[in-house]
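Observations on the model geometry
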Amino acid sequence: MTTELLQKVRVIDPVSETDQLADVLIADDYIQAIALNISDISPDTQVRDCRGLVLGPGLVDLYSYSGEPGFEERETLLSFLQAAAAGGFTRVSILPDTSPPIDNPSLVAQLQKMRGGEKEKTFPHMHLWGAMTLDVAGKQLTELADLAATGVVGFTDGKPWENLGLVRRVLEYLQPFNKPVAFWPCDRQLSANGVMREGSEALRLGLPPVPASTETTAVAALLELVAAIGTPVHIMRVSTARSVELIAAAKTQGLPVTASTTWLHLLLDTKAVKSYHTSLHLDPPLGNPSDVVALRAGVRGGVIDAIAIDHRGYTYEEKVQAFAESPAGAIGFELALPLLWQHLVETGELTPLELWQALSSRPAQCLQQKVNAIAPAQKAELTLFDPQQTWQVNRQNLYTLSSNTSWFGQQLTGRVVQTWC
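Every residue gets a number counted from 1 within its own chain, in the order that chain's sequence is written. This being a predicted model, a pLDDT of at least 70 is required before a residue's local features are given, and a value of 80 or more before pairs of side-chain atoms are given or counted; all residues contribute to the totals for chains, interfaces and linings. Note that water and hydrogens are dropped before the side-chain values are worked out from all heavy atoms of the structure.

**A short note on the domain arrangement of the chain**
What counts is decided by this rule: Residue ranges labeled as domains rest on an automatic or database domain assignment. Only heavy atoms enter the contact rule, under which two residues are in contact if any of them lie within 4.5 Å. Summed over both partners, the accessible area (1.4 Å probe) lost when two parts come together is defined as the buried area. In the sections that follow, a salt bridge refers to a side-chain nitrogen of Lys or Arg positioned within 4 Å of a carboxyl oxygen of Asp or Glu. Whenever two N or O atoms come within 3.5 Å, that pair is a polar contact, provided that in protein one can donate a hydrogen and the other can accept it, and provided that, for residues adjacent in sequence, both atoms are side-chain atoms.
Here the domain parsing of the chain yields domain 1 (3-54 + 378-389 + 409-420) and domain 2 (58-367). The centre of domain 1, based on its C-alpha atoms, is set 30 Å off from the matching centre of domain 2. Taken together, the contacts link 22 residues of domain 1 with 24 residues of domain 2. Taken together, both faces of the contact between domain 1 and domain 2 bury some 1,700 Å²; the carbon and sulfur share is 64%. Along the contact surface separating domain 1 from domain 2 lie 1 salt bridge. Connecting domain 1 to domain 2 are 7 residue pairs in polar contact (both at pLDDT 80 or more).

**Some thoughts on the environment of Leu337**
Convention followed: In this description a helix means any DSSP run of H or I spanning at least four residues, a strand means any run of E spanning at least two, and both kinds are numbered starting from the N terminus. Three labels apply to residues, based on accessible area from a 1.4 Å probe with only protein chains included: buried if under 20% of the type maximum, exposed if over 50%, partly exposed otherwise in between.
When you line up the elements, Leu337 lands in helix H12 (residues 336-345). Judged by its relative accessible area of 1%, Leu337 falls in the buried class. The spacing of Leu337 and Ile309 is 28 residues in sequence and 9.8 Å in space, taken between C-alpha atoms. Apart from residues no more than four positions distant in its own chain, Leu337 is found in contact with Leu59, Gly87, Leu355, Trp356, Leu359, Phe385 and Val416.

**Overview of the packing of aromatic side chains**
Going by this rule: Stacked, tilted and edge-to-face pairs are distinguished by plane angle, under 30 degrees for stacked and over 60 for edge-to-face with tilted covering the rest, among Phe, Tyr and Trp rings (Trp via its six-membered ring) whose centres lie within 6.5 Å. In this scheme, the term charge over a ring applies when either NZ of a lysine or CZ of an arginine sits within 6 Å of the ring centre and within 35 degrees of the ring normal.
This model, assessed by the stated rule, comprises 7 aromatic pairs. Ring pairs connect the aromatic residues Phe80, Phe89 and Phe333, which therefore count as one cluster. Directly above the aromatic system of Tyr65 lies the positively charged group of Arg312, at a separation of 3.9 Å from the ring centroid. A cation over a ring is seen here: Arg415 above Trp391, with NZ or CZ 4.2 Å from the ring centre.

**Thoughts on unusual backbone geometry**
Peptide bonds are, in most cases, trans, and in most cases residues other than glycine have a negative phi. Going from Glu68 to Pro69, the amide bond is cis rather than trans, its omega being 5 degrees. Cis geometry marks the peptide bond from Ser99 to Pro100; its omega dihedral reads 5 degrees. Tracing the backbone shows Pro100 in the loop between strand E7 (89-94) and helix H2 (105-114). Phi is positive for Lys8, which is not a glycine, with a value near 55 degrees. For Lys8, the position within the fold is in strand E1 (residues 3-13). The exposure class assigned to Lys8 is partly exposed, which follows from its relative accessible area of 32%. At Asp28, a residue that is not glycine, the phi angle is positive and equals roughly 50 degrees. A relative accessible area of 44% places Asp28 in the partly exposed class.

This is the structure:
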């Protein structure tokens, strides 16, 4: 049995809403004690001076992409889970857009088995989203009942819907299953070939624009269906100020909706795209400055329930091309917590509790799960974070196989020291 004593660590507990200095005793993967001072320990206890470090519940990611199966050169399941653990995540949820897609029970069973092995204790808990639609065009429903029986965490498609009639059918059909249902609201007819949020920066950079209405009209339509049918939904990838307003109004009316934005949409806006770095080609695109302000306020106020990572690796060859021609997406597991802490907590825009809630307890709630309080007798599902440790983002320091991030080669402040999965 391994016993560890973390001395004078800053304990951030979003469940009990406390932020305190304490000693924490962990033995055999359980929290044994938490107190201002713990001195009654066994001789073989490993004592660690944790002054300046932060201990919180393990982080929970709502949705990200695994390269495996189908695109193992981008990311294997092993590298995906290792990167997540290195970033402080103890639970991850994989989108169904693999090749083949996660649209049948046999593939679900296959992927669940692949998580096992000798290192399972060091891996995050892996959840799988089941695909809603069976074909690429998104016109035929999967066998939703069969998938629900396999233990998928919920249902979504990693792409926007093509048919609102199908969305209505999904909401009606899935209502009895009591599983999370997530949608990415985006009207592709309005976005056309756009790659950057419409505004002055898009004009200046000469990139095809994506109007905010691409998202907001789809959000409004989805909320109307939820009001009519009553099935709870999660709204993914919120990126505009108007969407925040629509979701806030829906929640005020009592509609059963939750929402998330991604970590990059909280940190960067259209001004960052002036570098033409293809890792800033995202879908939905980075917002205008007013969008970022609204998204941050949404997280603070709880309108935006959770921060998702939406980790998506690509090979060097895939990303080394013109901005508009590159595939959309960026990695994030190992970068999100350090950068969010430095840019939002250190600046006072979010409290440590608010950030940890948006990365742990609230995303768990969106998945109909719970995060335990940091208390005696609870399982040690924890993340230890050093806000002051510096490190360079390079191949030697990353577990992910991909390097599509605009921070590649740069020095960051803040790093996860240990994750108890």
